[in-house]
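# Reading the structure
One letter stands for each residue in the lines below.
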Amino acid sequence: MTAIALTIAGSDSSGGAGIQADLKTFAAHQVYGASVIVALTAQNTTGVRAIHAVPRDFVAQQMDAVFEDLAIGAVKIGMLATAELIETVAAGLKKHGARNIVLDPVMIAASGARLLEESAVEAIRKHLFPLATLITPNLPEAAALLGTAPAQSDEAVEEQADKLASLGAANVLVKGGHGSGEMSNDLLLLAGGARQRFNAPRLETRNTHGTGCTLSSAIAANLARGQALPEAVGAAKTYISAAIAAADQIAIGKGHGPVHHFHRWWDKPDGSRP
């Protein structure tokens, strides 16, 4: 069967994050991508100018249309904007028995713009944590979900992962891209307490727009293809690291440009093939 993944998220008009990044990532993993758009953004690489939430009933209709027709193997959840939309998405996931749900609790854009109402943080914990196969917060998002300061050490990251699990998250991936040091270290806490680290050199580039979206959608794509969770996370980490490393090979916008989702297929700047 054809592997199919669904992204439920916001649209990025500049194409580097959100729905657009998710669909590019699915395609890069040879997975057919479907989408449910819950918010529209007017944004580019320099910032977010406006956000328009999609009406709840229309979000529900999108979910019904997709799930009733397509064999969805995995779901990636990104920007949901409001508590009401979170509740709507959660109800749709339960209604259709969605599986392999990867929740990326998007709160802040790379430009610094807030993408989730502060009042909606509790709704994520209450309605989506129990449904998610995996949550993928970065360091600031993990702190916001717990109402504390971002972790500054490996030990603090482990403590925060444990606390997130205690709130109902089955598996937790705390991403270290916002940390410091020569390595970008991600911690995967599995149900039952097992821990696994995924480390990669920290890369110097300003073109990091959509990194979180891309990593979580790569995990979802791998799950849709039948990979076990640790394998899916490891392969996604390798993919996003390569996409960041190749980000400067493309020149997009005047601010935080996107990662290179199709680095394996596009010609390099000198005209050579990857």
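The structure contained in this document is the topic of the report that follows. Please read all numbers here as calculations on a predicted model, not as lab measurements. (Residues numbered from 1 in each chain as written. Predicted model: local features only at pLDDT ≥ 70, side-chain atom pairs only at ≥ 80, totals over all residues. Heavy atoms only, no water.)

Let us now look at the pattern of salt bridges. Throughout the structure, instances matching the rule amount to nine salt bridges. A salt bridge links Lys-95 to Asp-64; its shortest N-O distance comes to 3.2 Å. Residue Lys-95 is found in helix α3 (residues 83–95), and its partner Asp-64 is found in helix α2 (residues 56–69); the two are separated by 31 residues along the sequence. For Lys-95, a relative accessible area of 55% gives the class exposed. (Salt bridge = Lys/Arg side-chain N within 4 Å of Asp/Glu carboxyl O. Helix = DSSP H or I, 4+ residues; strand = E, 2+ residues; numbered from the N terminus. Buried < 20%, exposed > 50% of the residue type's maximum accessible area, 1.4 Å probe, protein only.)

Attention now moves to the side chain of His-29. Residue placement: His-29 occurs in the loop between α1 (18–28) and β2 (32–44). At a separation of 2.8 Å, a polar atom in the side chain of His-29 contacts the main-chain carbonyl oxygen of Thr-25. (Polar contact = N/O pair within 3.5 Å; in protein donor to acceptor, adjacent residues only side chain to side chain.)

If you look at the biggest cluster of nonpolar residues, it comprises 51 residues, and the most contacted ones within it are Leu-6, Ile-8, Val-38, Val-75, Ile-77, Val-89 and Leu-93. Top contributing element to this core by residue count: α3, with six residues. Aside from chain neighbours lying at most four places away, what touches Leu-6 is Phe-26, Ala-34, Ser-35, Val-36, Val-66, Phe-67, Ile-72, Ala-74, Val-75 and Lys-76. Within the second largest apolar cluster, 28 residues are counted, among which are Phe-198, Leu-223, Tyr-239 and Val-259. (Core = buried A, V, L, I, M, F, W, Y, C linked by side-chain atoms within 4.5 Å. Contact = heavy atoms within 4.5 Å.)

On inspection of all chains with the given rule, the structure shows one aromatic pair. A centroid spacing of 6.3 Å and a plane angle of 65° characterise the contact between Phe-262 and Trp-265, whose relative ring orientation is edge-to-face. On the basis of relative accessibility, which here comes to 23%, the residue Phe-262 falls in the partly exposed class. Residue Trp-265 is classed as partly exposed on the basis of its relative accessible area of 40%. (Phe/Tyr/Trp six-rings, centres within 6.5 Å; stacked < 30°, edge-to-face > 60°.)

Attention now goes to the packing of helix α5 (residues 139–146) against helix α6 (residues 154–166). Helix packing geometry: the angle between the two helix axes and the distance between the axes. Put simply, α5 and α6 touch, their axes get as near as 10 Å, and they point 50° apart. Between α5 and α6, the angle is such that the two are oblique. Crossing handedness for the pair α5 and α6: left-handed. Between α5 and α6, the contacting residues are Leu-139, Ala-142, Ala-143, Leu-145 and Leu-146 on the first element and Val-157, Gln-160, Lys-163 and Leu-164 on the second. In terms of residue class, the contact of α5 with α6 is made up of seven nonpolar, one polar and one charged. (Axes fitted to C-alpha atoms, helices over the stretch in contact; angles between N-to-C directions. Parallel < 35°, antiparallel > 145°, perpendicular 65-115°, else oblique. Left-handed = near helix turned anticlockwise from the far one by under 90°. Nonpolar A, V, L, I, M, F, W, Y, C, P; charged D, E, K, R; others polar.)

Time to look at the side chain of Thr-25. Relative to the helices and strands, Thr-25 is located in helix α1. Side chain to side chain, Thr-25 and Ser-217 meet in a polar contact 3.4 Å long. Leave out the neighbours within four places in its chain, and Thr-25 touches Thr-214, Ser-217, Ala-218, Tyr-239 and His-261.

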